[in-house]
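# A look at the structure
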Amino acid sequence: MADVVVRGLARRYGGVVAVEAVSFTVKNGEFLTLLGPSGCGKSTTLGLLAGLDRPDEGFMSVGGETFFDTKRGHFVEAEKRNLGLVFQSYALWPHMTVRDNIAFALKLRKIDRGKRELKVREALALVEMETYIDRYPNQLSGGQQQRVALARSLAYRPTLLLLDEPLSNLDAKLRDKARSWLRQLQSQVGITTIFVTHDQAEALALSDRVAVMDRGRIVQLGTPREIYDQPATPFVADFIGSSNFFKGTVRAISHGKATITLTDGQILVVPTALPLLPDQSVNIACRPERIRLSPVTEGVGENTLRAKIVEESYLGSRVVYTLQAGSEMMRVEATEEIGERDVVAHLPQHWCTVFRAS
Amino acid sequence: MGRHPVLAQKTRFQLEMRRAKWPGDMVSRDRSIQWLISAATCLLVVTPLAPMLYQSLLDKPLYNDAALLTFANYGRLIHHPDLPSVLTNTLLYGLVSSGIAQVFGLTAAILIGRTNLPWRGVFGDLFLWPLYISGLVLAFGWITMYGPSGFVTLSIEKVLGFRPWELYTIPGLSLVTGVSLAPLTFLYCISSTRMQDPSLEDAARIGGAGPIRILLTINLPLLRPAIIFSTMMTFVIAIESLAIPLLMGNPVGLQFFTTFLYTNGLERGTPDYGLVGAAACLLLLMVSSLLLLQNYLLRRAERFVTVGGKATRPRLLDLGRMKWIVVALFLAYLLLAIGPVAFGVTLRGFTVILSPYVPISKALTLENFRLLLAHETYVRSIINTLAIALIGGLIGAGFITLLTLVIKRSNFGLRRQLEHVALFPRAVPGLLVGIGAFYAVALLPFLSPVRGTIWILIIVFIMRYIPTGYGAIAPALMQIGRDIDRSARTVGADWWSTSMSILAPLIRPATLACFALLFIQFLNEYSSAVFLFSPGSEVIGTTMLIFWAQGSVGPVAALAIIQIVITTVFVLVARRLLGIRIYG
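Residues numbered from 1 in each chain as written. Chains lettered and ligands numbered in written order. Predicted model: local features only at pLDDT ≥ 70, side-chain atom pairs only at ≥ 80, totals over all residues. Heavy atoms only, no water.

### As for the overall build of chain A
For chain A, the count of helices and strands is eight helices and 21 strands. By principal-axis analysis of the C-alpha atoms, chain A measures approximately 80 × 50 × 35 Å. Counting the 358 residues in chain A, one finds 53% classified as buried. Put simply, of all contacts in chain A between residues at least 6 apart along the chain, 65% involve residues at least 24 apart. Carbon and sulfur atoms provide 48% of the accessible area of chain A, an area that totals close to 15,700 Å². (Helix = DSSP H or I, 4+ residues; strand = E, 2+ residues; numbered from the N terminus. Buried < 20%, exposed > 50% of the residue type's maximum accessible area, 1.4 Å probe, protein only. Contact = heavy atoms within 4.5 Å. Areas by Shrake-Rupley, 256 points an atom, 1.4 Å probe, with all protein chains shown as cover.)

### With respect to the overall build of chain B
Within chain B, the secondary structure is distributed over 27 helices and zero strands. Relative to a compact globule of 584 residues, whose C-alpha radius of gyration would be 25 Å, chain B shows 27 Å and is just as compact. Based on the C-alpha atoms only, the size of chain B along its principal axes is roughly 105 × 75 × 50 Å. A total of 584 residues make up chain B; the buried ones form 55% of that total. Residue pairs in contact within chain B that sit at least 24 positions apart in sequence constitute 78% of those at least 6 positions apart. Only carbon and sulfur atoms are counted for the fraction: they give 67% of the accessible area of chain B, which is about 25,800 Å². Taking the average location of the 45 positive side-chain charges in chain B and that of its 25 negative ones, the two points are 9 Å from each other. (Rg over C-alpha atoms; globule rule 2.2 N^0.38 Å. Lys, Arg positive; Asp, Glu negative; His and termini not counted. Charge placed at Lys NZ, Arg CZ, Asp CG, Glu CD.)

### Some words on the pairing of strand β18 (residues 319-325) of chain A
Residues and elements named next belong to chain A. Buried residues dominate β18, accounting for five of its seven residues. Judged from the six bridges that link them, strand β17 (residues 304-314) and β18 form a sheet pairing that is antiparallel. Bridge pairing in β18 places Lys308 opposite Gln324. Linking β17 to β18, which pair antiparallel, is a turn of four residues; within it Gly316 sits at a positive phi near 90 degrees. Both β18 and strand β19 (residues 328-334) contribute to a ladder of seven bridges, which runs antiparallel. Bridged to Val320 within β19 is Glu333. The hairpin formed by β18 and β19 contains two residues between the paired strands, and Gly326 there has a positive phi angle of roughly 65 degrees. (Pairing = 2+ DSSP bridges.)

### What about the pattern of salt bridges?
Pairs may arise between side chains of opposite charge once their charged atoms sit close together. Within the structure shown, the criterion is met by 35 salt bridges over all chains. B:Lys60 is the partner of B:Asp59 in a salt bridge, and the nearest nitrogen-oxygen pair spans 3.5 Å. By relative accessible area, which is 36% here, B:Asp59 ends up partly exposed. B:Lys60 gets classed as partly exposed once you look at its relative accessible area, which sits at 31%. The partner of B:Arg380 in a salt bridge is B:Glu376, with the nearest N and O atoms 3.1 Å apart. Of the two residues, B:Arg380 and B:Glu376 are both situated in helix α18 (residues 376-409); the distance of four residues between them amounts to about one turn of the helix. The exposure class assigned to B:Arg380 is partly exposed, which follows from its relative accessible area of 24%. One connected set of salt bridges, linked through shared partners, spans A:Arg54, A:Glu77, A:Glu79 and B:Arg489. (Salt bridge = Lys/Arg side-chain N within 4 Å of Asp/Glu carboxyl O.)

### Comments concerning the layout of surface pockets
To locate leftover empty space, one rolls a probe as large as a water molecule over the atoms. A volume near 580 Å³ is recorded for the second largest pocket. For the second largest pocket, the lining is made up of 21 residues, of which A:Leu52, B:Ser410, B:Asn411, B:Arg482 and B:Arg489 are closest to its centre. Elements represented by at least two residues in the lining of the second largest pocket include exactly α18, α23 (482-490) and α24 (495-506) of chain B. When its residues are assigned to classes, the lining of the second largest pocket shows four nonpolar, four polar and 13 charged. (1 Å grid on protein atoms, 1.4 Å probe; cavity = no way out; pocket = protein on both sides within 12 Å on 5 of 7 lines; lining within 4 Å. Points joined across faces, edges and corners; volume = space filled by probe spheres on them. Nonpolar A, V, L, I, M, F, W, Y, C, P; charged D, E, K, R; others polar.)

### Overview of the nonpolar core
Counting residues in hydrophobic clusters, the biggest one holds 254 residues, and the most contacted among them are A:Leu150, A:Ile194, B:Met248 and B:Leu261. Residues within four places of B:Leu261 in sequence aside, it is in contact with B:Leu266, B:Val276, B:Ala279, B:Ala280, B:Leu283, B:Leu431, B:Leu432, B:Ile435 and B:Phe531. Counting 29 residues, the second largest nonpolar core, distinct from the first, contains A:Leu323, A:Val332, A:Ala334 and A:Leu347. (Core = buried A, V, L, I, M, F, W, Y, C linked by side-chain atoms within 4.5 Å.)

### Section: the sheet that holds strand β11 (residues 217-222) of chain A
By way of backbone hydrogen bonds, the strands of a sheet pair with one another, either parallel or antiparallel. Residue and element names in this part refer to chain A. An order of β7-β8-β9-β3-β10-β11 is seen for the six strands of this open sheet, with the pairing classed as mixed. Each end of this open sheet is capped by a strand with a single partner; those strands are β7 (83-86) and β11. Mean inter-strand twist for the sheet, computed between neighbouring axes without regard to direction, equals 20 degrees. (Axes fitted to C-alpha atoms, helices over the stretch in contact; angles between N-to-C directions.)

### Description of the packing of helix α5 (residues 120-128) of chain B against helix α8 (residues 170-195) of chain B
Residue and element names in this part refer to chain B. With their axes 8 Å apart at the nearest point, α5 and α8 run at an angle of 130 degrees to one another. With respect to α8, the element α5 is oriented oblique. Residues Gly124, Phe127 and Leu128 of α5 pack against Ala182, Pro183, Phe186 and Leu187 of α8. Of the residues that constitute the contact of α5 with α8, the class distribution is six nonpolar, one polar and no charged. (Parallel < 35°, antiparallel > 145°, perpendicular 65-115°, else oblique.)

### Thoughts on α23(B)
Residues and elements named next belong to chain B. Within α23, seven of the nine residues are buried, which leaves it mostly tucked inside the rest of the structure. Taken residue by residue, α23 has Asp483, Ile484, Asp485, Ser487, Ala488, Arg489 and Thr490 as its buried positions. A positive phi of about 120 degrees marks Gly492, the residue just after α23.

### Structural notes on the environment of B:Val565
Residue and element names in this part refer to chain B. Inspection of the secondary structure assignment puts Val565 in helix α27 (residues 553-577). Taking the relative accessible area as the measure of exposure, Val565 reaches 46% and is therefore partly exposed. Separated by 63 residues in the primary sequence, Val565 and Ile502 have C-alpha atoms spaced 37 Å apart.

### Details of the confidence of the model for chain B
All names here are of chain B. Taken over all residues, the pLDDT of chain B has a mean of 86, while the share at 70 or more is 91%. Predicted confidence for residues 1-26 stays below pLDDT 50, and this span has 45 contacts to residues more than four positions away or in other chains. Contacts of residues 302-311 to residues separated by more than four positions or lying in other chains number six contacts, the stretch itself having pLDDT below 50. We note a pTM of 0.84 for the whole complex and an ipTM of 0.82 for its interfaces. (pLDDT = per-residue confidence, 0-100.)

### Let's talk about the packing of helix α6 (residues 135-146) of chain B against helix α15 (residues 323-349) of chain B
All names here are of chain B. Between α6 and α15, whose axes approach to 8 Å, the crossing angle comes to 85 degrees. Judged on the interaxial angle alone, α15 and α6 are roughly perpendicular. Counted together, Val137, Leu138, Phe140, Gly141, Trp142, Thr144, Met145 and Tyr146 of α6 and Leu335, Leu336, Pro340, Val341, Phe343, Gly344, Val345 and Arg348 of α15 form the full contact between these two elements. Of the residues assigned to the contact of α6 with α15, the class counts are 12 nonpolar, three polar and one charged.

### Focus: the side chain of B:Ser288
Residue and element names in this part refer to chain B. Here Ser288 shows up in helix α14 (residues 273-301). Owing to a relative accessible area of 16%, Ser288 belongs among the buried residues under this scheme. Those residues in contact with Ser288 that sit more than four places away from it in its chain are Phe424 and Ala427.

### Here's the deal with a nonpolar patch on the surface
A contiguous nonpolar surface patch, about 470 Å² in accessible area, is contributed by B:Val565, B:Val569, B:Val573, B:Leu577 and B:Leu578. With respect to the element layout, B:Leu578 can be found in the segment after α27. (Patch = residues over 30% accessible without salt bridge, like charges linked within 9 Å, V, L, I, M, F, W, Y side chains within 5 Å.)

### Some thoughts on the sheet that holds strand β14 (residues 267-271) of chain A
Residue and element names in this part refer to chain A. Taken together, the five strands give an open sheet; going across it, the order is β14-β13-β12-β15-β21, and neighbouring strands pair in antiparallel fashion. Two strands lie at the open edges of the sheet, namely β14 and β21 (352-356), each paired on one side alone. Strand-to-strand twist across the sheet, computed as the mean angle between neighbouring axes with direction ignored, equals 45 degrees. In this sheet, strand β15 (residues 281-286) lies alongside strand β12 (residues 244-254) in antiparallel orientation, the contact comprising six bridges. Bridged to Gly248 within β15 is Val282.

### A look at the packing of aromatic side chains
Evaluation of the coordinates by the stated rule reveals 28 aromatic pairs over all chains. Seen in terms of ring centroids, B:Phe104 and B:Tyr333 are 4.6 Å apart; in terms of plane orientation they differ by 50 degrees. Their pairing is tilted. Here B:Phe104, found in helix α4 (residues 83-114), pairs with B:Tyr333, found in helix α15; they are 229 residues apart in sequence, far enough to count as distant. Three or more aromatic residues link up through ring pairs in this structure, and these residues are B:Phe104, B:Trp119, B:Phe123, B:Phe127, B:Phe186, B:Trp324, B:Phe330 and B:Tyr333. It is A:Arg54 that lies over the ring of A:Phe75; its NZ or CZ is 4.0 Å from the centre. Across from the ring centre of A:Trp181, 4.2 Å away, lies the NZ or CZ of A:Arg147, which sits over that ring. (Phe/Tyr/Trp six-rings, centres within 6.5 Å; stacked < 30°, edge-to-face > 60°. Lys NZ or Arg CZ within 6 Å of the ring centre and 35° of its normal.)

Set out below in structure tokens:
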């Protein structure tokens, strides 16, 4: 139905590459997130999908209808794509009431007055804002504006909903609420959705799949679990959550496991699918909350590093330690406090990821 | 699946919509409109310019079929016996006028923007007032008061036994022009003085500098870009002005570029078309190169401007004991600048004769106004002027709004070039627009219906003031976030619907301000009309010029009073009641 197909999307400004070789498909009703730091090209991509900007290269179709195909010189203007786009700024028209904001798209589609009012009310009911129908945007709070903006984008039944960081202007408490509400609404309406954010927690919580972008390219596309647990690059490992990195040299490989010597001589064994060679330089990533600490008195086991606690910050629900292991620093999140300064850090094999050193 | 009942018939609805008629389906309505507006703009700007260039290369008037292409006109211009004196006079006049405007305008901007001068709000308004007055009326005022037989001149002569000054000299003319242009300098500089970062002054104060020293070493250098800009602007306006050189230079044989064009093109029995065309092209070249130079200088100068992001309220410099001396000086200046119009023109309008030898109480009369209302030409020129200001202002504001929407908010491929075309009239002196349009009407048959009507004046006035109107609308449009129109595009509106339903309503205050500006300019415009009006399509400015030359000083003063009153009332109503910000 409304499957979205994007192939070989590229956009350059002058000589600067903003988006390069972006390809993905989104299944009907699926929620895909484009995630990345600012300047990674995610908003540019969204603008290209919406038709607000012309791609230099690439193909896009929604539900079998081609929106652009640079090889054939085909381009459909934004206003003819029937997409919904919710802006970070909401972009409600300040001189129109909530009703007029929503009705504008319906008027353009020549829907008669009675039906129009009905559809405006339906859309507002969907976001629980019916009572605000006669207000002006400046009389609404940020959260309310966001709901109206969403209603405005849903009222004319777009084939695809695009969301450009719609939650980032809300305060933290409200954002959590809006997040679960948005997810619920999306599955209720069943509309195919592409969401853009730099907030990884948002991306993980909302999405069916996440496309992590860096410097104009998609570096990993997968479910939130895949992205978090099996980062494809050091960038993903560090950007999603955070990771400790250890420099090392491959000593041996056998049965898909690499034995790696760290710079201070300690040894880690890590499963990997990479075709590594002995003496190759690598980096090992391990997330702070996956590392377990035990007092040095309890002995040294497999995949452990001797370390010293240099700093401790108490965050209530957990404790964050900064440790020194040889010349490397690492962060560990623990649920319980540990009394001693000399500790053993256990890095479980399957929570470690190896990357070739660049 | 617990789908929302409202959206259950999603597919049917979508099919329905795909069949529905889209506003953009008739092969891009947007593009057609954008091309139409661009074509109209180019036509407006090019129509008066191209015939002028063409005429400068013809040996006979351009409507004469036997005319041949030649460069001889330029040769004749260069060897014209008057040219050396015309050029030196114009240059000198421009330099001195602009210098005087800088001194007065800058001083006022610093005093009002940065010091604790008492009554600075009122002083600022009064200082700006000459901006709303036609150059013609200002010249009348100065002549009535300080001219060879002016009221003040004669009063002093009565006491001293000799004439204290000669107004009809280049310094005299420059003083009048400089004082009339000082408000412009003031406007360009006042925002810069207000925006200056107070911490720079604090640093100087801590270093031990006094207020005057701070002004001279900190404030003034920071104003450099504004000073460059206003110096060039006032220089250009001075050399392209017609009223003051014509009324004060002509009687004593002082020729300037504009009066050279005026006398050779209009006053001589058989106008020398080729010579006037060539001279017009030369003036156009001079003015446009000056503006190019200005752009170049400012591109580099803008980097030196310190505009802090923080909305700090600058501390005002304390004038201390000097305060009341400065107030007295300011009042004296206002008397010099506003007095001629406020007292000279007004008194002359209500008297039979204005002279120190006749007590004013004995000369008071309403005869001038009676004459004015009895004379068909006077009445008609008032009605015409109001009609032009109103109709032209409305059409102009609407058109310039559309033009700005194409330039600033469309994906029209040639919008950058269109902006250059739209701003080009800034480089064309009013007199030249008039001459060019005069040629165009003579040359192009499709323009004959507007010939000699107020419509040709409306067209020409709009062309002249496109940059002014654009300057009022473009900043307002740029303050509206891009998402506002992008969101309209994504919900299905094409560029035209977006412009009409979303952007135009949002910039309505700017469109109103644009209308107000055009209305005031059209009310006072005369230089582009002198070549174009004919019996029946006179405007206040042209009528004043003609009747002044014929010696009907009283009725002309009365007409000037009417023009001033209409302008002032309009400005006050627009500012107070409608809340329109006309300047700044």
